[in-house]
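Notes for the structure review
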Amino acid sequence: MITQAFDPAACALADLTQHIRETHHTYLRAELPLIWDLLREALAASPAARAEIRAFAQAFGQFRATLDSHLRKEEEILFPFVEQLERTRQAGMPSPRHGFGALALPIEILEAEHALGDRLLDRMRPIWQRWALPGDTPAWQRSLGERLIGLDADMQRHVYVEDAILFPRTIQLEEMPCSSAAGAR
Ligand SMILES: [Fe+2]
Ligand SMILES: [Fe+2]
């Protein structure tokens, strides 16, 4: 567990991938099934709102499936390569070669999945914002609304750390000449 004054822009890339796994990926693996279960319970408990909950659950199901496969790609493919790249460059050796070419290629795919996730959140946001409104609303609406607001906030931070910090730093390190890479962070 990484603690105190964690700076994603200045830490080792291996610490950053560990932070993303432990913070954002662990959160999503717990939260996505929980929200799915709450949607199923809401469907059973609220016949009057069934059409809206079904439409929401369709977008949420697509979001969950996209994220499930996305997290696996990061943890099983990209992050281990990033960690290997950092070790190799710190040892003063050239960037390792991969079957798929430069790391920019898998990174482009992951960025496109972030954009898809964002579009799905945009589609769901007006509904959960209404569910979370204070007032005389059913408990399921309030509970789902609050959890989805938390999910949205975590996703914004998660995607920012990857798109704006991890991915550009990785591409920069891979392209760095050997003479400058040995002491690079
Ligand atoms: Fe991630
Ligand atoms: Fe990601």
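This text goes with the structure placed above it.
About the thresholds
- Residues numbered from 1 in each chain as written.
- Chains lettered and ligands numbered in written order.
- Predicted model: local features only at pLDDT ≥ 70, side-chain atom pairs only at ≥ 80, totals over all residues.
- Helix = DSSP H or I, 4+ residues; strand = E, 2+ residues; numbered from the N terminus.
- Buried ≥ 20, exposed ≤ 12 C-beta atoms within 10 Å, placed from the backbone.
- Contact = placed C-beta atoms within 7 Å.
- Axes fitted to C-alpha atoms, helices over the stretch in contact; angles between N-to-C directions.
- Parallel < 35°, antiparallel > 145°, perpendicular 65-115°, else oblique.
- Left-handed = near helix turned anticlockwise from the far one by under 90°.
- Nonpolar A, V, L, I, M, F, W, Y, C, P; charged D, E, K, R; others polar.

1. Here we look at the overall build of the protein chain
Helix and strand counts for the protein chain stand at five helices and zero strands. Ordering the α and β elements of the protein chain from the N terminus gives α-α-α-α-α. Reported as C-alpha extents along the three principal axes, the dimensions of the protein chain are approximately 65 × 35 × 20 Å. Expressed as a percentage of its 185 residues, the buried residues of the protein chain come to 19%. Across the protein chain, contacts joining residues at least 24 apart in sequence account for 72% of those joining residues at least 6 apart.

2. Quick notes on the packing of helix H3 (residues 104-131) against helix H4 (residues 139-175)
At a minimum axis distance of 10 Å, the contact between H3 and H4 shows a crossing angle of 160 degrees. Considered as vectors, H3 and H4 are oriented roughly antiparallel to each other. Considering how the two elements wind past one another, H3 and H4 form a crossing that is left-handed. Taken together, the residues of H4 that come into contact with H3 (itself represented by Ala104, Ile107, Glu111, His114, Gly117, Leu121, Arg125, Trp128 and Trp131) are Gln141, Leu144, Gly145, Leu148, Ile149, Asp152, Met155, Val159, Asp163, Phe167, Thr170 and Ile171. A class-by-class count of the residues in the contact of H3 with H4 yields twelve nonpolar, five polar and four charged.

3. Remarks on the packing of helix H1 (residues 13-45) against helix H2 (residues 50-90)
Put simply, H1 and H2 touch, their axes get as near as 10 Å, and they point 160 degrees apart. Between H1 and H2, the angle falls in the class roughly antiparallel. You can see that H1 and H2 cross each other, and the crossing is left-handed. Its residues assigned to classes, the contact of H1 with H2 comprises 17 nonpolar, two polar and seven charged.

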